[in-house]
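One letter stands for each residue in the lines below.
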Amino acid sequence: MAKTDAHMILLYGNDEFAMRRRVDQLSAVFSDPTSAAMNTARLEARTMAEDDLNNAVNAMPFLAEQRLVLLSGPSARYSSPPTRKKFFAFLEQVPPTARLVITEAVDPREEEKHWLVKWARKAGIGVERCMLPTQAEMPRWISKQAGAQGGQIESSAAARLAEMVGPAPQQAAQEITKLLTYVNWSRPITAKDVQAVSIVTAEAGIFDLVDALALGNGKAAQKLLRRMLEDDDAFSVWPMIIRQFRLLLLAREVIDQGGSEADAAQVLGVHPFVAKKAFGQARRFSLATLEKIYHRLLEMDAAAKTGRMPLDVSLDMLVVELST
């Protein structure tokens, strides 16, 4: 493993996909799988034993200049000023024979006052910001990702794909791979290509699912959900479900303020077809109901990420709840 000046790195933000890719890049520097396994330690702060971190960073590398120690979610363990002070003192003693990479979920609204971000900037360690692109930034992100995957995408196609997936980089990256495979990396992806690939079918499935829920047709909603989960895993469908209910919530607010379908299209910042569907569906829900559903989705997201409840089970339960 090549030694670098930054033997401690903090990756922070709300873009888990970007953080995972960066960790994968850092892990790939070991050329030999055996030495990689012996020189890499993966620790979750919330569940690790008291001495695990100390043992990991102070162990000597095996046939390499550095060990790689990956520590995730320190806020879950170091939650009080005394524990954080002790943690900082420990970090200051990490030897150069260990490269410590810390990943921390940070809301963009909290980053300037986040305890670990503030310390890392002051301490002068490597700091990398991994925030989800906004909806407006997604077309550019998609174009760059297409280039990173060895292909090209036309600006109109990038804009259309951004409308479909919303600010969900992992889903967008998967769709870009499908699209580049579809064109065989032989030409730039066009808007027609985007229309021809499965994301359109998936989006239509989300519309149908929400329609069934709005009508209280639980049997149809469960059938549609199972069909979507047969084609894609729950984590692929999940960003689109969250996005759709976020659009419905915004559309409902427009309706309650006396706005029109055109107003909704402007507020939502999506293709007119998507705005029209969202505007019509939002009429079938009250604002209070949509707010309750959206908060429930956030709870489901947290439960899935912490392992408390598998996402597919949570989705099944949600469909039952909303259609009874």
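Refer to the structure presented above.
### A closer look at the sheet that holds strand β3 (residues 67–72)
- Taking strand neighbours across the sheet as the criterion, the five strands line up as β2-β3-β4-β1-β5 in an open arrangement whose pairing is parallel. Each end of this open sheet is capped by a strand with a single partner; those strands are β2 (40–44) and β5 (126–129). Taken pair by pair, the neighbouring strands of this sheet meet at an average axis angle of 15°, ignoring direction.
- Taken together, the six bridges between strand β1 (residues 8–13) and strand β4 (residues 98–105) define a ladder with parallel strand orientation. Looking at the pairing, L11 lines up with T103 of β4.
- Contacts from helix α1 (residues 16–27) reach β1, β2, β3, β4 and β5 within the one sheet, and its direction differs from that of β1 by about 160°.

### A look at a nonpolar patch on the surface
- A grouping of M38, F62 and L63 is seen on the molecular surface, where their side chains present a nonpolar patch of about 340 Å² in accessible area.
- Inspection of the secondary structure assignment puts L63 in the loop between α3 (52–58) and β3.

### Digging into the pattern of salt bridges
- Inspection of every chain in the model, using the stated rule, returns 17 salt bridges.
- Of the charged contacts in the structure, one is a salt bridge between R46 and E44, with a shortest N-O distance of 3.1 Å.
- Looking at E44, the relative accessible area reads 35%, which means it is partly exposed.
- With its nearest N and O atoms 2.7 Å apart, the salt bridge here joins D256 to R252.

### Some thoughts on the packing of helix α12 (residues 234–256) against helix α15 (residues 287–305)
- The contact between α12 and α15 brings their axes to 10 Å, and the two run at 155°. In terms of orientation, α12 and α15 fall into the roughly antiparallel class. As α12 packs across α15, the resulting crossing turns out to be left-handed. For the pair formed by α12 and α15, the contact residues are F235, W238, I241, I242, F245, R246, L248, L249, R252, E253 and D256 on the first element and L287, L290, E291, I293, Y294, L297, M300, D301 and A304 on the second.

### Re the packing of aromatic side chains
- Applying the stated criterion to the full structure yields six aromatic pairs.
- Measuring from centroid to centroid gives 4.2 Å for Y78 and F87, while their planes differ by 15°, and the two rings are stacked.
- Given a relative accessible area of 12%, Y78 falls into the buried group.
- Ring pairs connect the aromatic residues Y78, F87, F88, W115 and W119, which therefore count as one cluster.

### Some thoughts on the side chain of S314
- Considering the arrangement of structural elements, one finds S314 in helix α16 (residues 311–322).
- What makes S314 buried here is its relative accessible area of 4%.
- Apart from the residues lying within four places of it in its own chain, the contact partners of S314 are M300 and M309.

### Looking at the environment of T103
- Counting through the fold element by element, T103 comes out in strand β4.
- Under the relative-accessibility criterion, T103 is labelled buried at 18%.
- In the structure, T103 is positioned 25 residues away from E128 in sequence and 9.7 Å away in space, judged by C-alpha atoms.
- Not counting residues within four places of it along the chain, the set of residues in contact with T103 comprises L11, M19, V23, L71, S72, G73 and P74.

Reading the values: rules and limits
Residues numbered from 1 in each chain as written. Predicted model: local features only at pLDDT ≥ 70, side-chain atom pairs only at ≥ 80, totals over all residues. Heavy atoms only, no water. Pairing = 2+ DSSP bridges. Helix = DSSP H or I, 4+ residues; strand = E, 2+ residues; numbered from the N terminus. Axes fitted to C-alpha atoms, helices over the stretch in contact; angles between N-to-C directions. Contact = heavy atoms within 4.5 Å. Patch = residues over 30% accessible without salt bridge, like charges linked within 9 Å, V, L, I, M, F, W, Y side chains within 5 Å. Areas by Shrake-Rupley, 256 points an atom, 1.4 Å probe, with all protein chains shown as cover. Salt bridge = Lys/Arg side-chain N within 4 Å of Asp/Glu carboxyl O. Buried < 20%, exposed > 50% of the residue type's maximum accessible area, 1.4 Å probe, protein only. Parallel < 35°, antiparallel > 145°, perpendicular 65-115°, else oblique. Left-handed = near helix turned anticlockwise from the far one by under 90°. Phe/Tyr/Trp six-rings, centres within 6.5 Å; stacked < 30°, edge-to-face > 60°.

Limitation: the analysis is restricted to geometry and does not speak to function.
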